[in-house]
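# Per-entry structural report
Chain residues, written in single-letter form:
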There are 2 protein chains.
Amino acid sequence: MKILLDISFLGTLYRGYQVQPNAKTVQGELTRAAKELFGFDCDIVGCSRTDSGVHAMHFMATINQKGSDGIVTAIALEKIPSALNFYLPTDITVNSALWVGDSFHPRYDVRNKEYIYKIWNGRNRNPFLQGRSWHYPRKIDDAALQKMNLAAQRFVGTYDFSAYMSANSNVKSTVRTIFSACVEREGDVISFRICGSGFLYNMVRIMMGTLIAVSENKITPDDIEAITQSKDRNRAGITAPAEGLYLNNVTY
Amino acid sequence: MKILLDISFLGTLYRGYQVQPNAKTVQGELTRAAKELFGFDCDIVGCSRTDSGVHAMHFMATINQKGSDGIVTAIALEKIPSALNFYLPTDITVNSALWVGDSFHPRYDVRNKEYIYKIWNGRNRNPFLQGRSWHYPRKIDDAALQKMNLAAQRFVGTYDFSAYMSANSNVKSTVRTIFSACVEREGDVISFRICGSGFLYNMVRIMMGTLIAVSENKITPDDIEAITQSKDRNRAGITAPAEGLYLNNVTY
């Protein structure tokens, strides 16, 4: 049996999730904390890579002992979150832990993932949302919001999404299924919420940039279909900054 | 005429609002930014002192030229927030600016102030609320919340609130009027919201500590009246940590 962890992290100070040489990463911190707690080397396998500065509300990762498919420990499962938290920095928290079978894979077994992208649409910057949202000061009115929402609906379905993928990503298939997508406002915070079977490199951030181009009347909601079909990255919008992106939920 | 600023700040990195020798303060940053913008020394007068680590959504402060009751500038009023923000660190933001008369005083002219105190009541810490809430992990259930809310109502009225004041504060009168007070829950975030004519040193934090004692059945809502009348700091609860406190609004 492996242990599946539900983790929250504020990504501001990390070079993303995935371990990299000479960089502070979330996986690096988890690997160190697991070794301190269990006393032996562990593999931490995450549900996805995340970019530098991206956040997560419920990131999922498994722990197994290095060289084994599972882990054996005398520590009671319900004590593991707070025990790991003791060794983790305060911007990473293990919320809960679960036993899963040796064959469970936190990335391959994902059924769907939900991301939220947050925009601070106030005229002046917001000290409480610095590094936690994209400050886009040009006022998005209700008409523009409605257009963004219409455009977001056009992402729903099974398509080749390579128009919304950054270069240098090495995937077999660029076809993904989007189950739902919407744009909501709460005060001056605008959230783009999207749920899908999986996401290409920078896909949510490029979709966000495309929706902003819709708010600016550079792209219409009806253009989305043609942009998707073109598979041409240059026809989509900019890549919105990492700091507004949150991995919100993962379902197995 | 003076300029009245509406300011938000994340207090985490500051030794409070008020200038102090050898410490980073919000007033210190504002004074420096005003000098850089206007090219002469300015007095920045705030609506209250705040403790180290306390936050503000709408802190009010005036600017006048040093040695004068007002300020003369060629910069258009509506440009002043973004112009000051250019010189301010990102955890302090000027939201808006207003002309007020020379005789206006941002502290003496306050009609009422609203504070919010935030508790993170999840079992494990929340990376997104570190330094922005008090992590109180013992579950506050609906019955306890209702008791806290009842107790909060007992703060409403005009009383000598010295039971809820830290020592070493040097005020003429310890009588204040509380207009409203309530405790609300949103998910695992519990907020104590209180509006009054003014507040004594640490008053909101000690009231919060007292409401937590109510949730723990150490104090009943009916005890509040006697605690207030006793004027005995030892009968009230602990001083809740600074990091959960937000000055939310000031009315003139």
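Residues numbered from 1 in each chain as written. Chains lettered and ligands numbered in written order. Predicted model: local features only at pLDDT ≥ 70, side-chain atom pairs only at ≥ 80, totals over all residues. Heavy atoms only, no water.

## Here's the deal with the interface of chain B and chain A
Each partner contributes to the interface: chain B provides 27 residues, whereas chain A provides 27 residues. The contact between chain B and chain A buries some 1900 Å² in all, and 49% of this surface belongs to carbon and sulfur atoms. The largest per-residue losses of area from chain B upon contact with chain A belong to Arg125(B), Pro127(B) and Phe128(B), which jointly make up 40% of the total buried on that side. Scanning the region where chain B abuts chain A turns up zero salt bridges. Applying the counting rule to chain B against chain A returns 16 residue pairs in polar contact (both at pLDDT 80 or more). When residues in the side of chain B that touches chain A are grouped by element, the largest group, four residues, is from strand β4 (residues 92-100) of chain B. Classifying every residue of the side of chain B that touches chain A by side-chain character gives twelve nonpolar, ten polar and five charged. (Contact = heavy atoms within 4.5 Å. Buried area = accessible area lost by both parts, 1.4 Å probe. Salt bridge = Lys/Arg side-chain N within 4 Å of Asp/Glu carboxyl O. Polar contact = N/O pair within 3.5 Å; in protein donor to acceptor, adjacent residues only side chain to side chain. Helix = DSSP H or I, 4+ residues; strand = E, 2+ residues; numbered from the N terminus. Nonpolar A, V, L, I, M, F, W, Y, C, P; charged D, E, K, R; others polar.)

## Quick word on the packing of helix α1 (residues 26-38) of chain B against helix α2 (residues 80-87) of chain B
Residues and elements named next belong to chain B. Look at α1 against α2: their axes get within 9 Å of each other, and the N-to-C directions meet at 115°. One element, α1, and the other, α2, form an angle in the roughly perpendicular class. Of the two possible hands of crossing, α1 and α2 adopt the one that is right-handed. Residue-level inspection shows Arg-32, Ala-33, Ala-34, Glu-36, Leu-37 and Phe-38 of α1 in contact with α2, the latter providing Ile-80, Ala-83, Leu-84 and Tyr-87. Residues of the contact of α1 with α2, tallied by class, amount to eight nonpolar, no polar and two charged. (Axes fitted to C-alpha atoms, helices over the stretch in contact; angles between N-to-C directions. Parallel < 35°, antiparallel > 145°, perpendicular 65-115°, else oblique. Left-handed = near helix turned anticlockwise from the far one by under 90°.)

## Quick notes on α1(B)
Residue and element names in this part refer to chain B. Over its 13 residues, α1 runs 18 Å from end to end, which matches the ideal 18 Å to within 8%, given 1.5 Å per residue. Those residues of α1 that sit buried are Val-26, Gln-27, Glu-29, Leu-30, Ala-33, Ala-34, Leu-37 and Phe-38. What you see down the axis of α1 is that its buried residues fit within an arc of 155°, all on one side. Lining the buried residues of α1 we find β1 (2-9), β2 (42-46), β3 (55-65), α2 and β4. Between the side-chain oxygen of the N-cap and the backbone nitrogen of Gly-28 there are 3.0 Å, and the N-cap of α1 in question is Thr-25. (Expected span 1.5 Å × (residues − 1). Buried < 20%, exposed > 50% of the residue type's maximum accessible area, 1.4 Å probe, protein only. Arc of directions from axis to C-beta.)

## Some points on the pattern of salt bridges
Pairs may arise between side chains of opposite charge once their charged atoms sit close together. Following the criterion strictly, the structure yields 24 salt bridges over all chains and no others. The closest approach of N and O atoms between Arg193(A) and Glu184(A), which form a salt bridge, is 3.7 Å. Between Arg185(B) and Asp142(B) there is a salt bridge, and its shortest N-O distance comes to 3.0 Å. Placement of the pair is Arg185(B) in strand β8 (residues 175-186) and Asp142(B) in helix α3 (residues 142-153), with a sequence separation of 43 residues. A relative accessible area of 27% means that Arg185(B) is categorised as partly exposed. Taken together, the salt bridges that share partners define one network made up of Glu29(A), Arg32(A) and Glu36(A).

## Observations regarding the packing of α3(B) against helix α4 (residues 203-215) of chain B
A pair of packed helices is characterised by two quantities: the angle between their axes and the separation of those axes. Residues and elements named next belong to chain B. Relative orientation of the contacting elements α3 and α4 amounts to 135°, with a least axis distance of 8 Å. Relative to α4, the element α3 is oriented oblique. As α3 runs across α4, the sense of the crossing is right-handed. Residues Ala-144, Lys-147, Met-148, Ala-151 and Ala-152 of α3 lie in contact with α4, whose contacting residues are Met-208, Leu-211, Ile-212, Val-214 and Ser-215.

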